[in-house]
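Here is what each chain is made of, one letter per residue.
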2 protein chains.
Amino acid sequence: MSRWKPDARGRLIKAAIELFAERGYDATTVTEIAERAGLTKRTFFRYFSDKREVLFYGSEELERIWLEALTATPTDASPLAAVMAGFDPIAELFEGRLPFARLRAEIIMANPELQERELIKLQRLAESIKAALVERGIAHDAAMLAAQTGLTVFHVAFARWVAQEDPTAFRRLIDESLDELSEVITAEPAATRRSSG
Amino acid sequence: MSRWKPDARGRLIKAAIELFAERGYDATTVTEIAERAGLTKRTFFRYFSDKREVLFYGSEELERIWLEALTATPTDASPLAAVMAGFDPIAELFEGRLPFARLRAEIIMANPELQERELIKLQRLAESIKAALVERGIAHDAAMLAAQTGLTVFHVAFARWVAQEDPTAFRRLIDESLDELSEVITAEPAATRRSSG
DNA sequence: CACAGCATGTCACCTGGTGCCATCAACTAC
DNA sequence: GTAGTTGATGGCACCAGGTGACATGCTGTG
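Remember, it's a predicted structure, so these values are computed and weren't measured experimentally. (Residues numbered from 1 in each chain as written. Chains lettered and ligands numbered in written order. Predicted model: local features only at pLDDT ≥ 70, side-chain atom pairs only at ≥ 80, totals over all residues. Heavy atoms only, no water.)

Neighbouring DNA strand C are 21 residues, the closest being Arg42 and Lys51 of chain A together with Thr43, Arg46 and Tyr47 of chain B. The sugar and phosphate moieties of DNA strand C supply 52% of its atoms located within 4 Å of the protein. One of the side-chain N or O atoms of Lys41 of chain A is found 2.8 Å from a base oxygen in DNA strand C. Contacts to DNA strand C include Arg46 of chain B, whose side-chain N or O atom sits 2.6 Å from a base oxygen. When residues of the surface near DNA strand C are traced back to their parent elements, those giving at least two are helix H3 (41–47) of chain A together with helix H3 (41–47) of chain B. Residue composition of the surface near DNA strand C, by class: seven nonpolar, seven polar and seven charged. (Near = heavy atom within 4 Å. Polar contact = N/O pair within 3.5 Å; in protein donor to acceptor, adjacent residues only side chain to side chain. Helix = DSSP H or I, 4+ residues; strand = E, 2+ residues; numbered from the N terminus. Nonpolar A, V, L, I, M, F, W, Y, C, P; charged D, E, K, R; others polar.)

Printed below as a string of structure tokens:
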């Protein structure tokens, strides 16, 4: 028994996405996912640290790509420019994966637990980016704010991308979000806030 | 049996914080928390929707206060100014609770699951703030970015507050973070980003 | 006293998640 | 070819988080 089968991880991901789409995340048990993939629950948990993680496989690659682009920018570039350098390769990574991304986004949007996981993934990414900026000599807090700002732009653009009716280029959506950030921020000089007391 | 006891929720929170501080979050079972509070596991889950939530009771009040301050600002105020209006009452809410906040922060920092929950709470808060801004006629995306930016400043200031050796006023830390955000952003005109390809 | 309502307890049950060991295929060495 | 090794998987017992259904007991109120 237990003949070896290729791409166990990929089959588990496929089975999970299908079942989540069919009956929802909560109504799907790990045992069912494993069965559809021709495996057992125990094996599922050897590939994914928990049930949610099956929807987030690949986020390490995203981080790797983003950090590579960041560290490749000249060291005299501004923090925000360095953060935004990751946008292009990421956009390339996503082009063509819209159907999968949309299905996945629908599943996640329907479940608070999954939204938690998505958020923490983005946050971890922001922390990695921040660390990379600090490595380049940027001050701790400036790095954090730049990283967070870049992530927000990315997040807004991504949400628009999966919600879009026509498959607009991801990169174009990023530029739109970026322009709006500029408008929001530059319209708000620090002096507009009330004096502390 | 089962004589009624006052403030069951408060006793559960106290017992949970104590046990988490003593042996860590993972090494503490819900049954143990309930026992220390003189109750049962079933009752714990009547007061808190899950084990983590016992550390986040009170976040609804934070949201309520913030939104009140926001809606109280004149409608011609800028989005970011409206968001930042919440800083003062929130600072008031926190002053004097530093020991509790610090203990809680240590517990959360030691556990990824709890960090997920904290993040999603902040995100929900950002969404509420965004919704309130939209209600005032701010455009959807500008509202989101303003809310997110305000939350980031709040988050940075809060992290500093609990990490501080001497109990600096929370409000002062907010102003510091705000100044740094201004520096980071205003040093980065949109023109510095690469032209889209 | 009878009754309603509320907080709590009790119990059975499901599922996510893990530790431990058995099994089986493929590969290597002799 | 046989023995041993390695790596992926299955099987199983077990723990803890979480829930539904029902019982119990206190408190107030007519």
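Another aspect to go through is the pattern of salt bridges. Opposite charge on two side chains permits pairing when their charged atoms draw close. Under the counting rule described, the total for this entry stands at 36 salt bridges over all chains. A salt bridge links Arg36 of chain A to Glu18 of chain A, with the shortest nitrogen-to-oxygen separation between them at 2.9 Å. Of this pair, Arg36 of chain A sits in helix H2 (residues 30–36) while Glu18 of chain A sits in helix H1 (residues 8–23), and the two are 18 residues apart along the sequence. Looking at Glu18 of chain A, the relative accessible area reads 27%, which means it is partly exposed. A salt bridge links Glu32 of chain A to Arg23 of chain A; the shortest N-O distance between them is 3.0 Å. Arg23 of chain A sits in the partly exposed class, given a relative accessible area of 42%. Residues participating in the shared-partner salt-bridge network are Asp50, Arg52, Glu53, Glu113, Arg117 and Lys121 of chain A together with Glu116 of chain B. (Salt bridge = Lys/Arg side-chain N within 4 Å of Asp/Glu carboxyl O. Buried < 20%, exposed > 50% of the residue type's maximum accessible area, 1.4 Å probe, protein only.)

Once that is clear, we can look at the protein's contact with DNA strand D. Neighbouring DNA strand D are 21 residues, the closest being Thr43, Arg46 and Tyr47 of chain A together with Arg42 and Lys51 of chain B. Contacts to DNA strand D include Lys51 of chain B, whose backbone N or O atom sits 2.6 Å from a phosphate oxygen. Mapped by element, the contributors of at least two residues to the surface near DNA strand D are H3 of chain A together with H3 of chain B. Of the residues belonging to the surface near DNA strand D, the class tally is seven nonpolar, seven polar and seven charged.

Residues and elements named next belong to chain A. Residues other than glycine seldom take positive phi values, yet Asp7 does so here, at roughly 55°. Within the secondary structure, Asp7 sits in the segment before H1. Classification of Asp7 as exposed rests on a relative accessible area of 52%.

Let us look at the environment of His140 of chain B. All names here are of chain B. Within the secondary structure layout, His140 lies in helix H9 (residues 140–163). For His140, a relative accessible area of 46% puts it in the partly exposed group. Along the chain, His140 and Lys130 lie 10 residues apart, while their C-alpha atoms are 7.7 Å from each other. Once residues within four sequence positions are removed from consideration, His140 is found in contact with Lys130 and Val134. (Contact = heavy atoms within 4.5 Å.)

Attention now goes to the packing of aromatic side chains. All names here are of chain A. Per the counting criterion, the structure on display carries 22 aromatic pairs over all chains. On the numbers, 5.3 Å between centres and 50° between planes, the contact of Phe44 with Phe48 is tilted. The burial state of Phe44 is the same as that of Phe48; both residues are buried. By the ring-pair criterion, three or more aromatic residues cluster together here, those being Trp66, Phe87, Phe94, Phe154, Phe158 and Trp161. Note that Arg9 overlies the ring of Phe48, its terminal NZ or CZ placed 5.7 Å from the centroid. (Phe/Tyr/Trp six-rings, centres within 6.5 Å; stacked < 30°, edge-to-face > 60°. Lys NZ or Arg CZ within 6 Å of the ring centre and 35° of its normal.)

Looking now at the side chain of Arg160 of chain B. Structurally, Arg160 of chain B can be placed in helix H9. For Arg160 of chain B, a relative accessible area of 14% corresponds to the buried category. Setting aside its immediate chain neighbours within four residues, Arg160 of chain B contacts Asp141 of chain A together with Leu173, Glu176, Ser177 and Glu180 of chain B.

Note that all results are geometric; they support no functional claim without further evidence.
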